[in-house]
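Architecture at a glance
Chain by chain, the residues run as shown.
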Amino acid sequence: MTVESRQWLKYFSPTQSRRPAVLKQLLENHLTTSALFWGKAYDLLEYIALPISTANFEAELALLCEQGFLQKTAQGMLLTKKGTKVVQVDLMNHAQFGMPAFFHGFDWKNWEKMFLLMVQVASELSYQNSNYFVIANDLRTQYRFKEWLKKYGKERLLSEVQTSLAEFLSQEDPKLATLFCEQLTGHNQLGKTRNQLATIYDYSLTDLEVLWLDMCSRYAQFLLTKGQALSELVHFYKRNSLLSESNQKTYELFLAQKKLTEIAKIRGLKLGTIQEHLLNAALLLADFPFAQVLSSKLTSELKSFYGETPILEWDFKTLQATLPDISFFEYRLYQIERIIQDGVRT
Amino acid sequence: MELELERFLQQNFGYEAFKLGQKETITSLLEHKDTLAILPTGTGKSLCYQFIGQYLNKPVLIVSPLISLMQDQVEQLRYQGQKATVALNSSLSYSEKRFVLNNLTQFKYIYISPEMLSSNEVLGRLQALDLGLFVVDEAHCISKWGPDFRPDYLNLGRIRHFLGDPLTLALTATATENVAQDIIKELDIKQAELIRYPVDRPNIFLAVEKFTDQAQKDEYLFSIMQKLHGAGIIYFSSKKQAEKIKQQLIAQKISTAVYHADLSLTERFLVQQQFLTGQLDVICATSAFGMGINKADVRYVIHYHMPNDLEDYVQEIGRCSRDGALGVALLLYEPQDLKRQEFIIQKSLPDRQQINYFAKQKALLENFSGEELELLKRLFANGYSATQILELVQIRQKKRTKALFKLLEYIETKECRRQFIATYFKDQAPKHRIKNCCDRDEPFDFSQLKSKNHKILKKESLKTSDYQKILAKLFKDYELK
Ligand SMILES: [Zn+2]
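Residues numbered from 1 in each chain as written. Chains lettered and ligands numbered in written order. Predicted model: local features only at pLDDT ≥ 70, side-chain atom pairs only at ≥ 80, totals over all residues. Heavy atoms only, no water.

Summing up its helical and strand segments, chain A has 17 helices and two strands in all. Here the C-alpha coordinates of chain A stretch approximately 75 × 55 × 30 Å along the principal axes. Residues counted as buried form 53% of the 346 residues belonging to chain A. When contacts within chain A are restricted to residue pairs at least 6 apart in sequence, those whose partners lie at least 24 apart make up 67%. Carbon together with sulfur atoms contributes 50% to the accessible area of chain A, which is approximately 16300 Å² in total. Between the mean site of the 38 positive side-chain charges and the mean site of the 37 negative ones, chain A shows a separation of 3 Å. (Helix = DSSP H or I, 4+ residues; strand = E, 2+ residues; numbered from the N terminus. Buried < 20%, exposed > 50% of the residue type's maximum accessible area, 1.4 Å probe, protein only. Contact = heavy atoms within 4.5 Å. Areas by Shrake-Rupley, 256 points an atom, 1.4 Å probe, with all protein chains shown as cover. Lys, Arg positive; Asp, Glu negative; His and termini not counted. Charge placed at Lys NZ, Arg CZ, Asp CG, Glu CD.)

Right, let's get into the sheet that holds strand β13 (residues 327-333) of chain B. All names here are of chain B. Pairing within the open sheet is parallel, and its six strands lie in the order β8-β13-β12-β9-β11-β10. Lying at the two open borders of the sheet, with one neighbouring strand each, are β8 (204-210) and β10 (256-259). Across the sheet, the mean angle separating the axes of adjacent strands is 15 degrees when strand polarity is ignored. As judged from the four bridges shared by β10 and strand β11 (residues 282-285), these two strands associate in the parallel manner. Directly across from Tyr259, in β11, lies its bridge partner Ala285. Across the sheet, helix α16 (residues 386-412) lies against β8 and β13, angled at about 95 degrees from β8, the strand it touches most. (Pairing = 2+ DSSP bridges. Axes fitted to C-alpha atoms, helices over the stretch in contact; angles between N-to-C directions.)

Let us look at the sheet that holds strand β7 (residues 192-196) of chain B. All names here are of chain B. Taken in spatial order, the seven strands line up as β3-β4-β2-β5-β6-β1-β7 in an open sheet, and their pairing is parallel. Of all the strands in the sheet, the pair left with one neighbour each is β3 (85-88) and β7. Averaged over neighbouring strand pairs, the angle between their axes works out to 15 degrees when direction is ignored. Bridging between strand β1 (residues 34-38) and strand β6 (residues 168-172) involves four bridges; their strand directions are parallel. When the sheet's bridge partners are listed, Ile38 is paired in β6 with Thr172.

Considering all chains together, one arrives at 38 salt bridges over all chains under this definition. The residue B:Glu31 makes a salt bridge to B:Lys33 at a minimum N-O spacing of 3.1 Å. The class of B:Glu31 is partly exposed, set by a relative accessible area of 45%. Taken together, the shared-partner salt bridges in this structure form one network comprising A:Lys24, A:Glu28 and A:Glu58. (Salt bridge = Lys/Arg side-chain N within 4 Å of Asp/Glu carboxyl O.)

This paragraph deals with the interface of chain A and chain B. The partner chain B presents 46 residues to the 49 residues of chain A that form the contact. The contact between chain A and chain B buries some 4200 Å² in all, and 62% of this surface belongs to carbon and sulfur atoms. When the area that chain A buries against chain B is broken down by residue, the three leading residues are A:Phe133, A:Leu139 and A:Leu190, summing to 18%. Applying the counting criterion to the chain A and chain B interface returns zero salt bridges. Summed over the shared surface of chain A and chain B, the result is eight residue pairs in polar contact (both at pLDDT 80 or more). When contributions to the side of chain A that touches chain B are tallied by element, the ones reaching two or more residues are α5 (108-126), α6 (139-152), α7 (154-170), α8 (174-181) and α9 (194-200) of chain A. Here the side of chain A that touches chain B gets seven residues from one element, more than from any other, and that element is α7(A). Partitioned by chemical class, the residues of the side of chain A that touches chain B number 25 nonpolar, 18 polar and six charged. (Buried area = accessible area lost by both parts, 1.4 Å probe. Polar contact = N/O pair within 3.5 Å; in protein donor to acceptor, adjacent residues only side chain to side chain. Nonpolar A, V, L, I, M, F, W, Y, C, P; charged D, E, K, R; others polar.)

Attention now moves to the packing of aromatic side chains. Residues and elements named next belong to chain A. Counted under the stated rule, the structure contains 46 aromatic pairs over all chains. Considering the side-chain rings of Phe288 and Phe290, the 5.1 Å spacing of their centres and the 65 degrees angle between planes classify their relative orientation as edge-to-face. Neither Phe288 nor Phe290 differs from the other in exposure class; each is buried. Between the aromatic rings of Tyr306 and Tyr331, the centroid separation amounts to 6.4 Å while the plane-to-plane angle is 45 degrees, which identifies the pairing as tilted. (Phe/Tyr/Trp six-rings, centres within 6.5 Å; stacked < 30°, edge-to-face > 60°.)

Take the coordination of the zinc ion next. Those protein atoms acting as donors to the zinc ion are B:Cys416 (SG), B:His432 (ND1), B:Cys437 (SG) and B:Cys438 (SG), and they sit at 2.1 to 2.4 Å. Around the zinc ion, the four donor atoms sit at angles spanning 101 to 124 degrees, and that spread fits a shape best called tetrahedral. (Donors = N, O, S within 2.8 Å, 3.2 Å for Na, K, Ca; no water. Tetrahedral: all angles 85-135°; square planar, octahedral: opposite > 155°, others 65-115°.)

The next subject is the nonpolar core. Among the nonpolar cores identified, the biggest contains 127 residues, and A:Trp111, A:Phe115, A:Met118 and A:Leu165 are the most heavily contacted of them. Once residues lying within four places of it in the same chain are set aside, the contact partners of A:Leu165 are A:Phe115, A:Val119, A:Glu160, A:Phe180, A:Leu184, A:Tyr219, B:Leu471 and B:Phe475. Grouped together as the second largest cluster of nonpolar side chains are 68 residues, B:Ala242, B:Val271, B:Ile302 and B:Leu326 included. (Core = buried A, V, L, I, M, F, W, Y, C linked by side-chain atoms within 4.5 Å.)

Residues and elements named next belong to chain A. Taken domain by domain, chain A holds domain 1 (3-94), domain 2 (108-235) and domain 3 (245-342). Taken together, the contacts link six residues of domain 1 with five residues of domain 2. For the pair domain 1 and domain 2, the summed buried surface comes to about 420 Å²; carbon and sulfur atoms form 54% of the total. On the surface where domain 1 and domain 2 come into contact, there are zero salt bridges. The tally of links from domain 1 across to domain 2 stands at one residue pair in polar contact (both at pLDDT 80 or more). For the side of domain 1 that touches domain 2, the per-class residue count stands at two nonpolar, three polar and one charged. (Domains from an automatic or database assignment.)

Below is the structure:
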């Protein structure tokens, strides 16, 4: 999805200048430890893999700088006063993602196909018609769906699709629910494309796309919390853990109290890589056991060393002069723990 | 036999009678003759091999060059109840491909791209099948001299032998005598039955309008769109222009949508189905549209930009009025169009620099896309040297330019357009008719088209109760709250 360039502004801040680079990496799901660290510090992690195209990212930001909404700095870009005003207005007037964090580890493209397929099949079933063109001409989606149908049967499909849609939509703004339903295909009823909806109603294409993807993802989340048979279909597309498979393996060994050098040996990876995996886990998960690495002695040494210095202004080199035995890994981990405890004031 | 075929047709396909050329083709195949059938667009070529598949109750392998066409055909067959239909092409993911190959015996109709046939594993699996028929669709792609040449098609002769020389049907809508001979030669068919029907579609009025510039063209288009009713297709060679004209037609309250390569698969599905079911009147399309479209009452096909050649033109206007009622094929021309098309031809072929560069580092090609580099990839994959490719490209460039200028001749002709086309394809030339033939004597009278008025587009406002109504329509026994 592409956004009108102005809509980038809401992801920027008047004080956090590294945002452009960090944001781009997060949106593109290019999760390096450094991108995750700054993402955490700037509170941007909920935008990981958000479905917004970065194809024209640089060009659009350059334009916004030219127009005085953003301002270049040595480290990146800052939101100007003029930009801040625009953000306030745009947030009111344009569609927003209600649950952006859900897109992390969510294969929304294939979920969209599955969702449209299950609605169409349920609809045709209710009319007892089996002669129709199938909306998803994608083998894997069709195959997965058939397997599910074999397991749970047609009645289950029809009743769960109907009741879950009705219940989910009853909590939505009815007008937006209508825009959503207009895009569904079923018996003797073809969905409208977003282009067509933009023509008929007064909505921009960008807003319609956000509305659709937002509701598609929240409906998926709704099905997961309901835990009925349909939730199995969502599970194909939503990863359980926020960690990548490899990070998860490292983390599990860590939770099993293995030493880092031992984990590196088991996994056949360098120690540095294992440390990165654990930093990623500390950044992405809510319950990382910091104490397993940072002794209370080290923690209090670090605490007294930095005192009231703002967290993002800490410097590893000066620390090393005082505590020569400390590793960068321990330092970074402590920094993360403090960001989580105190938040970052900028 | 005759009666039996007709009864079989009715019982299995629900048609009362065969269309032009179908029965001849089927009879020839049932007599175990390898057959080349040149049948005009809209005559239901695919029925020929479906019929054989059903009649012999054996699997049918169909080699088809275009992924989009393949998908359409697969959907069409599935819709008709042939669920055991599958397409093997590059759009499949690795695991999907594995799934299909491991279950190949489950399928009755197997569509395959020529590139896929270069895999030994695929060939091995196919060899194990007891094929009832080997079909080469769009067989003109085999001709090196033709504009649509596909290098992988040149392997089909060898592959046919490898598969044990199954009964073979080569299909195409347009082929000059030379191309027909090329097809038979390259498929290495000893004795081929040639079935050819003239390309002329007597119920389509042929017209060309010339302008001095694009503004004048646009003005004309918008004025006739007010007079034209019913379903129509407007072809463009640029996506951008298709989008622009669509917007302007919408402003005129005409229900229209674009169809081109940038649409998602779901959007393509929706637009195509809306058009088929009459919810959309006009499609602004690039040539990607219409391959598998079976809509009998398309009343006009307008070319906003000229196509590549007469072959393409005849194919595309063949989507008009398949029900036999009067329709019109209108080509709009202004001098810039020729330059545009020449440029497109040039861009579709790799140039000397590209050929030499990638010849030295073939692996790099994997990182690039584009029509000309795709072709280059396939030529390298088939063992062509840089010199051979350069030669081929030069010949092809000349051929395509020549074909383009033939189309320009068609545009410029003062004679009967129907006769012009027939002569080009070496068909017997029909007589120019006074009424409803072409614009030699007078322009087309748009009021003659028998079709419903265009639907008028309305702006609407959203009502809060609407979503419940949609759900109630989607699900038969849905209870309104
Ligand atoms: Zn004539």
